[in-house]
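Topology and contacts: notes
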Amino acid sequence: GQQVMQIPQYQHVQEGEDFTTYCNSSTTLSNIQWYKQRPGGHPVFLIQLVKSGEVKKQKRLTFQFGEAKKNSSLHITATQTTDVGTYFCAGTLGNTDKLIFGTGTRLQVFP
Amino acid sequence: NAGVTQTPKFRILKIGQSMTLQCAQDMNHNYMYWYRQDPGMGLKLIYYSVGAGITDKGEVPNGYNVSRSTTEDFPLRLELAAPSQTSVYFCASSYITITDTQYFGPGTRLTVL
């Protein structure tokens, strides 16, 4: 079954509002990646986090890896219409060689 | 570099038909993957390969077969298509390990009627 869950499933925001999606795993992750998929498009890599408690920023996007390496978050400050899409986290479980994708959070931004 | 390419872009199959989805990458990546994405859902790993001649099952391999005779190509074979295989299929590749960035192809939208 699905071992990497994301909440919320959907989020509608007004342009300029902030947005956060959360990624939770039942088991420890060796690393976590984040991808963005525009409507009708394919997933595009955003960032990878490896260290416990790691925080990385890309302009208005802030990514965080939990201390226990079981959860992660993506926060977007002051959303823009170009942020529309589905955001997926993907984690490598322990010592396995498979990347498990989360369920995704679909973001809609209204102008 | 073209990156990861997939053909065809769209296909409609009748129940019981077979087809091969093509995937190629020109980045000399070792790892290649096949995912399926059902409407409004996440990605599920079908098969993956860590190098030419080596393949392994992912989360949902039933009804599919793969081969990896070269580093560049990783075709996915559907035998006896079923409506449950209606989905968008993405091929991806990464350089050396599973933890490297995965580069995705544009996808193949398959409908089985």
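So, here is what we can say about the structure in this document. These numbers were taken from a predicted model, which means no experiment stands behind them.

1. Describing the environment of F101 of chain A
Residues and elements named next belong to chain A. Secondary-structure assignment places F101 in strand β10 (residues 99-101). With a relative accessible area of 1%, F101 lands in the buried category. For the pair F101 and C23, spaced 78 residues apart in sequence, the C-alpha to C-alpha distance is 10.0 Å.

2. Examining the layout of surface pockets
Roughly 770 Å³ of internal volume is contained in the largest pocket. Lining the largest pocket are 37 residues; nearest its centre among them are Q37 of chain A together with Q37, D38, P39 and G40 of chain B. In terms of residue count, strand β11 (residues 105-110) of chain A provides more of the lining of the largest pocket than any other element does, four residues in total. When its residues are assigned to classes, the lining of the largest pocket shows 13 nonpolar, 18 polar and six charged.

3. Structural notes on the pairing of strand β5 (residues 43-51) of chain B
Residue and element names in this part refer to chain B. Most of β5 sits inside the fold, with seven of its nine residues counted as buried. As paired elements, strand β4 (residues 31-37) and β5 share six bridges and run antiparallel to each other. From the neighbouring strand, Y33 faces β5, where its bridge partner is Y48. Hairpin connection, β4 to β5: the antiparallel pair is bridged by five residues, and G40 has positive phi, about 70 degrees. Where β5 and strand β6 (residues 54-57) come together, three bridges link them in antiparallel fashion.

4. Remarks on the interface of chain B and chain A
In this assembly, 19 residues from chain B lie in contact with 18 residues from chain A. Buried surface at the junction of chain B and chain A, summed over both partners, amounts to about 1,600 Å²; 55% is from carbon and sulfur atoms. Where chain B meets chain A, there are zero salt bridges. Looking at the side of chain B that touches chain A, the elements that each hand over two or more residues are β4 and β5 of chain B. For the side of chain B that touches chain A, the leading source of residues is β5 of chain B, giving three residues. Residue classes in the side of chain B that touches chain A are distributed as nine nonpolar, eight polar and two charged.

5. So, unusual backbone geometry
In this structure, P8 of chain A follows I7 of chain A across a cis peptide bond, with omega equal to -5 degrees. Relative to the helices and strands, P8 of chain A is located in the loop between β1 (4-7) and β2 (10-14). Here T7 of chain B and P8 of chain B are connected by a cis peptide whose omega angle stands at -5 degrees. Relative to the elements of secondary structure, P8 of chain B occurs in the loop between β1 (4-7) and β2 (10-13). We note that L80 of chain B has phi near 55 degrees; this positive angle belongs to a residue other than glycine.

6. Focus: the sheet that holds strand β7 (residues 61-65) of chain A
All names here are of chain A. On the basis of which strands lie adjacent, the open sheet formed by five strands has the order β1-β3-β8-β7-β6 and antiparallel pairing. Strands with a single pairing partner mark the edges of an open sheet, and in this sheet they are β1 and β6 (55-58). Put simply, the sheet's adjacent strands are angled 15 degrees from each other on average, direction ignored. Sheet topology note: the β7/strand β8 (residues 71-76) ladder contains five bridges and is antiparallel. Bridged to T62 within β8 is H75.

Definitions and cut-offs
- Residues numbered from 1 in each chain as written.
- Chains lettered and ligands numbered in written order.
- Predicted model: local features only at pLDDT ≥ 70, side-chain atom pairs only at ≥ 80, totals over all residues.
- Heavy atoms only, no water.
- Helix = DSSP H or I, 4+ residues; strand = E, 2+ residues; numbered from the N terminus.
- Buried < 20%, exposed > 50% of the residue type's maximum accessible area, 1.4 Å probe, protein only.
- 1 Å grid on protein atoms, 1.4 Å probe; cavity = no way out; pocket = protein on both sides within 12 Å on 5 of 7 lines; lining within 4 Å.
- Points joined across faces, edges and corners; volume = space filled by probe spheres on them.
- Nonpolar A, V, L, I, M, F, W, Y, C, P; charged D, E, K, R; others polar.
- Pairing = 2+ DSSP bridges.
- Contact = heavy atoms within 4.5 Å.
- Buried area = accessible area lost by both parts, 1.4 Å probe.
- Salt bridge = Lys/Arg side-chain N within 4 Å of Asp/Glu carboxyl O.
- Axes fitted to C-alpha atoms, helices over the stretch in contact; angles between N-to-C directions.

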